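Survey of secondary and tertiary structure
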Amino acid sequence: MPAFSLEPAQVARCAQLRALAAERLRPLAEKGEPGRVNRPLVAELGRLGLLPRLFTTGAVDLCLMRESLAYACTEAETALALQGLGAHPVHAHGTPAQRRHWLPRVADGTAIAAFALSEPGAGSDAAALSLAAERDGSDGWRLTGEKCWISNAPEADFYTVFARTTPQAGARGVTAFLVPADRAGLTGSALDMLSPHPVGALRFDGVPVTADDVLGEPDRGFRVAMGTLDLFRPSVGAFAVGMAQAALDATLAHTARRDAFDGKLSDLQAVAHQVAEMALRTEAARLMVHAAAAAYDSGAPDVPKRAAMAKLCATETAQYVVDAAVQLHGARALCRGHLLEHLYREVRAPRIYEGASEVQRGIIARELYAEHAALEAR
Ligand SMILES: Cc1cc2nc3c(=O)[nH]c(=O)nc-3n(C[C@H](O)[C@H](O)[C@H](O)COP(=O)(O)OP(=O)(O)OC[C@H]3O[C@@H](n4cnc5c(N)ncnc54)[C@H](O)[C@@H]3O)c2cc1C
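Residues numbered from 1 in each chain as written. Predicted model: local features only at pLDDT ≥ 70, side-chain atom pairs only at ≥ 80, totals over all residues. Heavy atoms only, no water.

Here we take up empty space enclosed by the protein. Within the structure shown, the criterion is met by one cavity of 30 Å³ or more. If you add up the space inside the largest cavity, you get close to 30 Å³. Lining the largest cavity we find Leu194, Ser195, Pro196, His197, Phe239, Arg345, Glu346, Ala349, Pro350 and Tyr353. A class-by-class count of the residues in the lining of the largest cavity yields six nonpolar, two polar and two charged. Taken domain by domain, the lining of the largest cavity gets at least three of its residues from each of domain 2 (113-218) and domain 3 (223-377). (1 Å grid on protein atoms, 1.4 Å probe; cavity = no way out; pocket = protein on both sides within 12 Å on 5 of 7 lines; lining within 4 Å. Points joined across faces, edges and corners; volume = space filled by probe spheres on them. Nonpolar A, V, L, I, M, F, W, Y, C, P; charged D, E, K, R; others polar. Domains from an automatic or database assignment.)

Here it is in structure tokens:
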């Protein structure tokens, strides 16, 4: 599939998803409690057949789902994405027993998933994580330490947890574990964040895990984390593009009807040019997201670079577009409950999570220099 165009069937599916999000998901999202997992919303995502697609289609489909849902209901979008982020390591690296037990429940929305990588002392520098997995008998470990800023914590039903099995080994000494929320010694608390979805901290007090709980291989867990982020980073970009498009469309409607200076706001060239710039940047970001997702699906060698570029470009663009939309709406955009007031709160965190913008620049530069060195060595 060329990166720059969608099939008519994909365009139709996106329109159908936006309508579903507005009609079936938005009302459930509005009934949710801020900062709490909205289980009826997740169950509806399962009933609509959207959650199972996380495991049956590729990155392009994931991006189209995220963009379309974000356009009409960011809460539904994020609920879907978090099921994918938490469960992808199980889908890609789980044992048959782990997959059999958890994936059907994630897909029908009865089990809530979470991805627990960040710690108080290891955010951008994730390879410095220190949650200790200490040997306990020949077949097990005990997990001791903390995770923080974990979406869906502490209400998730299971966590993909990245823990240090080999001290001082950096990225090479990390193991991924599937930890059910009811394991002895695991507790958590909610954090009150400028982010509409639930985020919390986890405390591990000698939590027992065995070889049956490992995802992939011991000491190879960092690859599980990075492989998951390669898939999800472009789709964070898709989330951002959906928000930018919603802000742009609201701005077109508002500036076309708002009376000012004996005409409409859109008659002012400064306003019209600002709207044109918002549209230009949104479309550029969308193309970059589609290109990165298509590269992932085709197994292209430059996925980490493209994923980082897409996430960086789209999340920074969405911040610009939503901010400009607020400006062109004036005071009404800042009223609690206005679409733009909601988007203004939603748009900030994606520039930080799954790798801050500066971290994405670091990945892009590292990949560029590696490509350059490979060319020089020929
Ligand atoms: C709403 C929300 C949800 C989240 N959900 C999850 C989740 O589900 N699971 C999970 O594991 N984590 C989650 N996180 C955590 C997130 O991944 C981290 O916040 C992120 O990786 C940054 O880590 P930090 O906050 O510790 O910032 P730090 O690592 O302390 O960095 C602070 C700032 O320093 C700058 N900086 C850092 N490194 C570099 C660099 N190499 N070069 C230049 N500048 C740099 C950047 O400006 C960065 O924002 C979430 C965060 C938020 C806000």
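The structure having been displayed, the exposition proceeds.
Across four bridges, strand β2 (residues 132-135) lies against strand β3 (residues 140-151) in antiparallel orientation. Opposite Glu134, over in β3, you have Arg142 as the bridge partner. (Pairing = 2+ DSSP bridges. Helix = DSSP H or I, 4+ residues; strand = E, 2+ residues; numbered from the N terminus.)

The subject of this paragraph is the domain arrangement of the protein. Under the domain assignment used here, the protein contains domain 1 (8-107), domain 2 (113-218) and domain 3 (223-377). Domain 1 and domain 3 are separated by 20 Å when their C-alpha centres are compared. The partner domain 3 presents 27 residues to the 20 residues of domain 1 that form the contact. Across the domain 1 to domain 3 interface the summed buried area is about 1,900 Å²; carbon plus sulfur atoms make up 68%. For the domain 1 face of the interface with domain 3, the top three residues by lost area are Arg66, Glu67 and Tyr71, together amounting to 29%. On the surface where domain 1 and domain 3 come into contact, there are one salt bridge. (Contact = heavy atoms within 4.5 Å. Buried area = accessible area lost by both parts, 1.4 Å probe. Salt bridge = Lys/Arg side-chain N within 4 Å of Asp/Glu carboxyl O.)

As a further point, take the layout of surface pockets. Computed from the structure, the largest pocket encloses a volume of approximately 1,100 Å³. Along the walls of the largest pocket sit 42 residues, with Ser118, Ile352, Tyr353, Glu354 and Gly355 positioned nearest its centre. For the lining of the largest pocket, the secondary structure elements donating two or more residues are α5 (74-93), β1 (113-116), β3, α7 (221-257), α9 (303-329) and α11 (357-377). Here the lining of the largest pocket gets six residues from one element, more than from any other, and that element is α7. Residue composition of the lining of the largest pocket, by class: 25 nonpolar, nine polar and eight charged. Contributing to the lining of the second largest pocket are 37 residues, with Pro34, Gly35, Glu75, Pro196 and His197 lying nearest its centre. Mapped by element, the contributors of at least two residues to the lining of the second largest pocket are α1 (8-31), α2 (39-47), α5, β6 (186-191) and α10 (339-346).

In terms of burial, strand β4 (residues 158-164) is largely enclosed, as seven of its seven residues are buried. Side-chain alternation along β4 places Phe158, Thr160, Phe162 and Arg164 on one buried face and Tyr159, Val161 and Ala163 on a second face that is also buried. Bridge count for β1 against β4 is four bridges, and the pairing is parallel. Its bridge partner being in β4, Ala114 is matched across the sheet by Tyr159. (Buried < 20%, exposed > 50% of the residue type's maximum accessible area, 1.4 Å probe, protein only.)

Turning our attention to the side chain of Thr228. Among the secondary structure elements, Thr228 is positioned in helix α7. Judged by relative accessible area, which is 1%, Thr228 ranks as buried. For Thr228, the side chain forms a polar contact with the main-chain oxygen of Val224, separated by 2.7 Å. If we skip the residues at most four places from it in the chain, Thr228 touches Leu85, His88, Pro89 and Phe115. (Polar contact = N/O pair within 3.5 Å; in protein donor to acceptor, adjacent residues only side chain to side chain.)

Moving on to unusual backbone geometry. Of the consecutive residues Ala153 and Pro154, the connecting peptide bond is found in the cis state with omega at 0°. Within the fold, Pro154 resides in the loop between β3 and β4. Positive phi is not limited to glycine here, since Trp149 has a value of about 60°. Unlike most non-glycine residues, Asp262 shows phi in positive territory, near 60°. Relative to the elements of secondary structure, Asp262 occurs in the loop between β9 (259-260) and β10 (263-264). Assessed through its relative accessible area of 89%, Asp262 is described here as exposed.

In the region of the ligand, 20 residues are neighbours, and Phe115, Ser118, Ser124, Trp149 and Ser151 sit closest. Contacts to the ligand include Ser124, whose side-chain N or O atom sits 2.7 Å from an oxygen atom. Between Glu358 and the ligand, the recorded distance is 3.0 Å, taken from a side-chain N or O atom to an oxygen atom. The protein chains hide 65% of the 980 Å² of surface that the ligand would expose on its own. Of the pockets mapped on this structure, the ligand occupies the largest pocket. Secondary structure elements with two or more residues in the shell around the ligand: β1, β3 and α11. Of the residues that constitute the shell around the ligand, the class distribution is twelve nonpolar, six polar and two charged. (Near = heavy atom within 4 Å. Areas by Shrake-Rupley, 256 points an atom, 1.4 Å probe, with all protein chains shown as cover. Sits in = over half its atoms within 2 Å of the grid points.)

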